[in-house]
Amino acid sequence: MSKKKKKPVVANESIEIETEIESEVSIDENGTEEENDLVELDPVKILEKDLLDAKNELTEQKDKFVRLQAETDNFRKRLSREKEEFSQYANERLFKELLPIFDNFERALGDPSNDIKSLKEGLEMILKQFSSFLEKERVEPIEAIGEKFDPMIHEVLTSEESSEHEENTIISQFVKGYMINNRVIRPSQVVISKKPSLESEEVLTKKPEESPDKEESPTD
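### Here we look at the sheet that holds strand β1 (residues 139-141)
Turning to step 1, where the next piece is worked out: Pairing is antiparallel in the open sheet, where 3 strands are placed in the order β1-β4-β5. Where the open sheet ends on each side, the last strands, each with one partner, are β1 and β5 (183-186). Across the sheet, the axes of successive neighbouring strands diverge by a mean angle of 35 degrees, strand direction being ignored.
Turning to step 2, where the next piece is worked out: As paired elements, strand β4 (residues 178-180) and β5 share 3 bridges and run antiparallel to each other. Residue pairing in the sheet places I180 in a bridge with R183 of β5.

Shown next, in the form of structure tokens:
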């Protein structure tokens, strides 16, 4: 009996079929990749994507700006409220410091047994107490008498001729001035010196006339 030969045709057909399938898959994959490449390179799609990203970023920045503006308004309101409360607290503290001085004034003036001497001593004590209060609050009197006139801290009410002082020297004071932390609260109201006029100089330099000698009495 002769041996049956294998059918290579079937095998070849199978191989060809697999080859064709692989080729089709390969073609499909290449075609898909080419199509994706075309989509990525499409300028319209790119612009649409950039526009969408820009809109999203603009919306995000707008939300941040709205939140920041709200926080700024809240901070401004809180700062204004704290400033008002601080001002009220500062005034309250000052009044608490002044009330004992006011009490002493009432006691000194309301005591009917006080004589002039006792009243004076009481007022001096109150003045000392008030001076300590001003010193504690860094309120200092402005130096005036004998000082050179300074328009930043002095206010001239009038001037007087004087040969004993240099010109624009403060020779008297009507109202004392004060400063707080080197800032003028109230300028000193002063009188300054000026050069004497010629007539005044002549009067000052003129020597008194000598009195005439008494007439000698006649001898007997």
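Back to the write-up after that little detour.
### A word on the packing of aromatic side chains
Turning to step 1, where the next piece is worked out: What the rule picks out here adds up to 1 aromatic pair.
Turning to step 2, where the next piece is worked out: A ring pair is formed by F130 and F133, whose centres lie 5.9 Å apart and whose planes are at 40 degrees; its orientation type is tilted. With F130 and F133 both in helix α3 (residues 116-136) and 3 residues apart, this pair spans about one turn of that helix.
Turning to step 3, where the next piece is worked out: On the basis of relative accessibility, which here comes to 34%, the residue F130 falls in the partly exposed class.

### Comments concerning the pattern of salt bridges
Turning to step 1, where the next piece is worked out: According to the stated counting rule, one finds 6 salt bridges in the structure shown.
Turning to step 2, where the next piece is worked out: Two residues, D73 and R76, come together in a salt bridge whose shortest N-O distance is 3.0 Å. Remark: R76 and D73 occur in helix α2 (residues 43-110); sequence separation between them is 3 residues, near one turn of the helix.
Turning to step 3, where the next piece is worked out: Using a relative accessible area of 31% as the deciding quantity, one classes D73 as partly exposed.
Turning to step 4, where the next piece is worked out: In this structure R76 comes out as exposed when scored by relative accessible area, which is 52%.
Turning to step 5, where the next piece is worked out: Of the charged contacts in the structure, one is a salt bridge between E166 and K148, with a shortest N-O distance of 3.8 Å. With E166 in the loop between β2 (154-161) and β3 (170-175) and K148 in the loop between β1 and β2, the pair connects residues that are 18 residues apart, well separated along the chain.

### Section: the side chain of H154
Turning to step 1, where the next piece is worked out: With respect to the element layout, H154 can be found in strand β2.
Turning to step 2, where the next piece is worked out: By relative accessible area, H154 is classed as buried at 5%.
Turning to step 3, where the next piece is worked out: Within the structure, H154 has its side chain in polar contact with the backbone oxygen of E143 (distance 3.0 Å).
Turning to step 4, where the next piece is worked out: Once residues within four sequence positions are removed from consideration, H154 is found in contact with I142, E143, A144, K148, F149, I170, P187, S188 and V190.

### Some points on the sheet that holds β2
By way of backbone hydrogen bonds, the strands of a sheet pair with one another, either parallel or antiparallel.
Turning to step 1, where the next piece is worked out: The 3 strands are arranged β2-β6-β3 in an open sheet whose pairing can be described as mixed. Only two strands of the sheet have a single partner each, and these edge strands are β2 and β3. On average, adjacent strands in this sheet sit at an angle of 30 degrees to one another, irrespective of strand direction.

### Things to note about unusual backbone geometry
Turning to step 1, where the next piece is worked out: One non-glycine residue with positive phi stands out, namely N181, at about 55 degrees.
Turning to step 2, where the next piece is worked out: With respect to the element layout, N181 can be found in the loop between β4 and β5.
Turning to step 3, where the next piece is worked out: Phi angles above zero are rare outside glycine, and N182 is one such case at about 65 degrees.
Turning to step 4, where the next piece is worked out: Of note, N182 is situated in the loop between β4 and β5.

Procedures and definitions
Residues numbered from 1 in each chain as written. Predicted model: local features only at pLDDT ≥ 70, side-chain atom pairs only at ≥ 80, totals over all residues. Heavy atoms only, no water. Pairing = 2+ DSSP bridges. Helix = DSSP H or I, 4+ residues; strand = E, 2+ residues; numbered from the N terminus. Axes fitted to C-alpha atoms, helices over the stretch in contact; angles between N-to-C directions. Phe/Tyr/Trp six-rings, centres within 6.5 Å; stacked < 30°, edge-to-face > 60°. Buried < 20%, exposed > 50% of the residue type's maximum accessible area, 1.4 Å probe, protein only. Salt bridge = Lys/Arg side-chain N within 4 Å of Asp/Glu carboxyl O. Polar contact = N/O pair within 3.5 Å; in protein donor to acceptor, adjacent residues only side chain to side chain. Contact = heavy atoms within 4.5 Å.

No statement about biological role is implied by the geometric values presented.
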